[in-house]
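Geometric and topological summary
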Amino acid sequence: MNLKQYFADIFNGVKSLATGMKVTGGYFLRHHKEKITEQYPDNRDTLVLAERFRGEVVMLHDDNNEHACTGCTACELACPNGTIKIITKFDISPEGKKKKAIDTFIYHLELCTMCNLCVEACPTGAISMANTFEHSVFDRSTLTKQLNKPGSKIRAGVE
């Protein structure tokens, strides 16, 4: 290798490095004008997450402890890794007919990839993604949750 080629390679390397560092340098020079990072956990009270943020699956309940889950298991089937398990039971309606109802909605947060497929598959909009994100625990069993509240029932008019 000759001397001219050696210095050309050094120049091209420095040029490539400068091109790659242009965005970083721009942030460095404008840091007093623009907020770059969040000061978490110091800013917990003022922290605003994007609406599209996916934290964990929650079942929506109204003030009467009623939900819209019919126990159709569409969310369970849509889940790519078995995060959701729905246990159903049969209730007898006032007309004397057997009707499938949800008994327990089990959600394994430790398995969830926050892909939102279960929410998209739900025909009644009974579940959604919450903005919670602090899930560090010492006991992994606390990440298995029952989403339907004790004593909850299906909202009237939901089929």
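Above this text is the structure in question.
Bear in mind the structure is a predicted one, so any value in this text is a computation, not a measurement. (Residues numbered from 1 in each chain as written. Predicted model: local features only at pLDDT ≥ 70, side-chain atom pairs only at ≥ 80, totals over all residues. Heavy atoms only, no water.)

**Observations concerning the pattern of salt bridges**
Pairs can form between side chains of opposite charge whenever their charged atoms are close. Put simply, the rule reads: Salt bridge, as used here: a side-chain nitrogen of Lys or Arg that lies within 4 Å of a carboxyl oxygen of Asp or Glu. The way it works is that DSSP assigns letters per residue, a run of H or I at least four long becomes a helix, a run of E at least two long becomes a strand, and they are numbered from the N terminus. Three labels apply to residues, based on accessible area from a 1.4 Å probe with only protein chains included: buried if under 20% of the type maximum, exposed if over 50%, partly exposed otherwise in between.
A full pass over the atoms with the stated rule returns 5 salt bridges. When the shortest N-O distance is used, the salt bridge between K153 and E66 registers 4.0 Å. Of this pair, K153 sits in strand 7 (residues 153-154) while E66 is found in strand 2 (residues 66-67), placing the two residues 87 residues apart along the sequence. For E66, a relative accessible area of 14% translates into the label buried. Two residues, K85 and E76, come together in a salt bridge whose shortest N-O distance is 3.9 Å.

**A few points about the layout of surface pockets**
For clarity, the threshold we go by: Detection works on a 1 Å grid of protein atoms alone, calling trapped sets that fit a 1.4 Å probe cavities and calling open sets with protein on both sides within 12 Å along at least five of seven lines pockets, with lining residues defined by an atom within 4 Å of a point. Grid points are joined across faces, edges and corners, and a volume is the space filled by probe spheres set on the points.
Put simply, the largest pocket is a space of about 320 Å³. Where the lining of the largest pocket is concerned, the elements lending two or more residues are strand 3 (84-92), strand 4 (98-108) and strand 7. Per-element tally for the lining of the largest pocket: the top contributor is strand 4, with 5 residues.

**Some remarks on the packing of aromatic side chains**
Given two aromatic rings, one states the distance between the centres and the angle between the planes to describe the pair. Here is the rule we go by: Only Phe, Tyr and Trp rings take part, Trp by its six-membered ring, and two of them pair if their centres are within 6.5 Å. Stacked means planes under 30 degrees apart, edge-to-face means over 60, and tilted covers everything else.
All told, the structure shown has 3 aromatic pairs when counted by the stated rule. Geometrically, the ring pair formed by Y6 and F7 is edge-to-face, given 5.4 Å between the ring centres and 75° between the ring planes. One aromatic cluster is present, formed by Y40, F53 and F133 through successive ring pairs.

**A closer look at helix 1 (residues 3-29)**
Basically, it comes down to this: Take the number of residues in a helix, subtract one, and multiply by 1.5 Å to get its expected span. We define the bend at any residue as the angle between the axes fitted to the seven residues before and including it, ending there, and the seven starting there.
Taking 1.5 Å of rise per residue, 27 residues should cover 39 Å, and helix 1 covers 36 Å from first to last C-alpha, within 8% of that figure. K22 marks where helix 1 bends most, by close to 50°.

**Some points on a nonpolar patch on the surface**
Keep this limit in mind: In this analysis, a patch consists of residues with relative accessible area above 30% that form no salt bridge, clustered at 9 Å for like charges and at 5 Å for the nonpolar side chains Val, Leu, Ile, Met, Phe, Trp and Tyr. To be clear on the numbers: accessible area is Shrake-Rupley with a 1.4 Å probe, and residue cover counts the displayed protein chains and nothing else.
A cluster of nonpolar residues, L3, Y6, F7, I10 and V14, forms a patch on the protein surface that exposes about 520 Å² of accessible area. When its relative accessible area of 42% is taken as the criterion, Y6 is described as partly exposed.

**Observations regarding the nonpolar core**
Counted only if it meets this: We define the nonpolar core as a collection of buried residues of types Ala, Val, Leu, Ile, Met, Phe, Trp, Tyr and Cys that are connected through side-chain atoms lying within 4.5 Å of one another. In this description, contact between two residues means that some pair of their heavy atoms is separated by no more than 4.5 Å.
Grouped together as the largest cluster of nonpolar side chains are 21 residues, with contacts concentrated most on F105 and I127. For this core, the secondary structure elements donating two or more residues are strand 1 (56-59), strand 3, strand 4, helix 3 (117-121) and strand 5 (127-130). Element by element, the count of residues in this core is highest for strand 4, at 3 residues. With residues up to four places along the chain from it excluded, the contact list for F105 reads M59, C69, C75, I84, K85, I86, I127, K145, Q146, L147 and N148.

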